[in-house]
Amino acid sequence: MGQLEGKTAVVLGAASAGNMGQVIAKLFASEGAKVMVAGRKKEPLAAIADEIGGSYALCDITDHAQVHALAGKAKTEFGRVDAAINCTGWGLLSNLLETTQEDLDAITDLQFKGVHHFLQAFVKVMSEQTPSGGSIISLSSATTKALINNHAAYIGTKRAGEAMIECVANDFGHLGIRANSVSPAFTESPMTEGAFATPGLVDAFLPRYPLARLNTSDDVAHACLWLSGDHAFVTGQNIQPNGGVTIRGNPQATDIEAAVGAAMAKMQKN
């Protein structure tokens, strides 16, 4: 019997083939959960829903009405929602002095207001179902604990998401609602293809990981699986399934420039 046998889950941010949301959805389905995947693109959502025997819904987390409609649809379709996972995010790489008002509005809508919409919608559903309760997870980032250059707006809004998770845990724990954030680090995914293809970039990060490898989407998915199961007596926490990078800290811009420069010089020499 799977760890989530008989449970239901919603995974928002699963509309790109092979992204972290899809990896989580596949694992949850393999462990027995009925899964609804959600996001902004119909075709990849329909494909992953068909693959895992689940369902899908179109939803833009920045739209309050759409997020509440998603939670309502899941409750109607499944009868209850046992786990809700927010995997949305935007890795804005921008110097503080060069960040535009448009960028700031966009990342605030996504990573602050959007997270608030998500928490509000699923706390409402989980508090009204019988019995009440469930697990709410929002993906954050190791960068909130291991700072990296040129990510002020990104880190600031991710930290805000962690704070809101703590507030939900504090305010609604008496209803059996657990709320936690999970923080991947530098992870190979469709969103980071360009970065991983940059010669020397990974070399700058690897020495910062005590466990000697970068985390994978599977590592993150298994952390979410544990938090959504019956044996995680945990709430209001920020879980770090990233190989210990917060102990040593991320490389800084000068470290990355040096590693990329050395790799490029080596390629030119050869």
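For the structure, see preceding data.
This write-up is about the structure you can find in this document. (Residues numbered from 1 in each chain as written. Predicted model: local features only at pLDDT ≥ 70, side-chain atom pairs only at ≥ 80, totals over all residues. Heavy atoms only, no water.)

Let us look at the sheet that holds strand β4 (residues 83–86). Strand order in the open sheet formed by seven strands is β3-β2-β1-β4-β5-β6-β7, and the pairing between neighbours is parallel. One side of each edge strand has no neighbouring strand; the edge strands of this open sheet are β3 (55–58) and β7 (238–239). Pairing between β4 and strand β5 (residues 134–139): four bridges, direction parallel. Across the sheet, residue Ala-83 finds its bridge partner in β5, namely Ser-135. Here helix α2 (residues 42–52) sits on the sheet and contacts β2 (34–39) and β3; the angle it forms with β3, its principal contact strand, is near 165°. Together, β5, β6 (177–182) and β7 form the strand contacts of helix α5 (residues 152–172), whose direction differs from that of β6 by roughly 160°. (Pairing = 2+ DSSP bridges. Helix = DSSP H or I, 4+ residues; strand = E, 2+ residues; numbered from the N terminus. Contact = heavy atoms within 4.5 Å. Axes fitted to C-alpha atoms, helices over the stretch in contact; angles between N-to-C directions.)

Moving on: the pairing of β4. Every other side chain in a regular strand lies on the same face of the sheet, so the side chains alternate between the two faces. The alternating pattern of β4 places Ala-83 and Ile-85 on one face and Ala-84 and Asn-86 on the opposite face, and all of these are buried. Pairing of strand β1 (residues 8–12) with β4, which is carried by four bridges, proceeds in the parallel orientation. Residue pairing across strands places Val-10 opposite Ala-84, the latter belonging to β4. Each parallel crossover has a hand, and the one from β4 via helix α4 (residues 101–128) to β5 is right-handed. (Buried < 20%, exposed > 50% of the residue type's maximum accessible area, 1.4 Å probe, protein only. Right-handed = clockwise from strand over helix to strand, strands pointing away.)

With respect to the element layout, Asn-215 can be found in the loop between α7 (201–205) and α8 (217–228). In this structure the side chain of Asn-215 is engaged in a polar contact, spanning 2.9 Å, whose partner is the backbone nitrogen of Ala-185. At a separation of 2.8 Å, a polar atom in the side chain of Asn-215 contacts the side chain of Thr-187. (Polar contact = N/O pair within 3.5 Å; in protein donor to acceptor, adjacent residues only side chain to side chain.)

On to α8. Taking 1.5 Å of rise per residue, twelve residues should cover 16 Å, and α8 covers 16 Å from first to last C-alpha, within 8% of that figure. For α8, the complete set of buried residues consists of Ser-217, Val-220, Ala-221, Ala-223, Cys-224, Leu-225, Leu-227 and Ser-228. The secondary structure elements touched by the buried residues of α8 are α1 (20–30), β4, β5, β6 and β7. (Expected span 1.5 Å × (residues − 1).)

This paragraph deals with unusual backbone geometry. Cis geometry is adopted by the peptide bond preceding Pro-131, which originates at Thr-130 and carries an omega value of -10°. Here Pro-131 shows up in the loop between α4 and β5. Phi is positive for Asn-150, which is not a glycine, with a value near 60°. You can see Asn-150 is positioned in the loop between β5 and α5. Given a relative accessible area of 34%, Asn-150 falls into the partly exposed group. Of note, the phi angle at Ala-212 is positive, near 70°, even though the residue is not glycine. With respect to the helices and strands, the residue Ala-212 is situated in the loop between α7 and α8. Here Ala-212 falls in the exposed class, since its relative accessible area comes to 59%.

Attention now moves to the nonpolar core. Ranked by size, the top nonpolar core spans 32 residues in total, and within it Ile-24, Phe-28, Val-35, Val-37 and Ile-85 carry the most contacts. Ranked by the residues each element gives to this core, the list is headed by α1, at seven residues. With sequence-adjacent residues up to four places away left out, Val-37 is seen in contact with Val-11, Ala-14, Ala-25, Leu-45, Ile-48, Ala-49, Ile-52, Ser-55, Tyr-56 and Ala-57. Judged by nonpolar contacts, the second largest core, of 30 residues, contains Ala-71, Phe-78, Ala-84 and Val-115. (Core = buried A, V, L, I, M, F, W, Y, C linked by side-chain atoms within 4.5 Å.)

Our next topic: the environment of Ser-181. For Ser-181, the location among the structural elements is in strand β6. For Ser-181, a relative accessible area of 3% corresponds to the buried category. Taking C-alpha positions, Ser-181 is 12 Å from Ala-84, a pair spaced 97 residues apart along the chain. In this view, Ser-181 contacts Ser-138, Ser-140, Glu-162, Ile-165, Gln-237, Asn-238 and Ile-239; residues no more than four positions away in its chain are not counted.

Moving on to the environment of Thr-192. Along the chain, the position of Thr-192 falls in the loop between β6 and α6 (193–196). The exposure class assigned to Thr-192 is buried, which follows from its relative accessible area of 14%. Expressed as a C-alpha distance, the spacing of Thr-192 and Gly-91, which sit 101 residues apart in the sequence, is 9.0 Å.

Describing two packed helices takes the angle between their axes plus the distance from one axis to the other. Running from amino to carboxyl end, α1 crosses α2 at an angle of 20°, the nearest separation of the two axes being 10 Å. Relative to α2, the element α1 is oriented roughly parallel. Crossing of α1 against α2: the hand is right-handed. Counting all contacts with α1, which are made through Gln-22, Ala-25, Lys-26 and Ala-29, the residues of α2 involved are Pro-44, Ile-48, Glu-51 and Ile-52. (Parallel < 35°, antiparallel > 145°, perpendicular 65-115°, else oblique. Left-handed = near helix turned anticlockwise from the far one by under 90°.)

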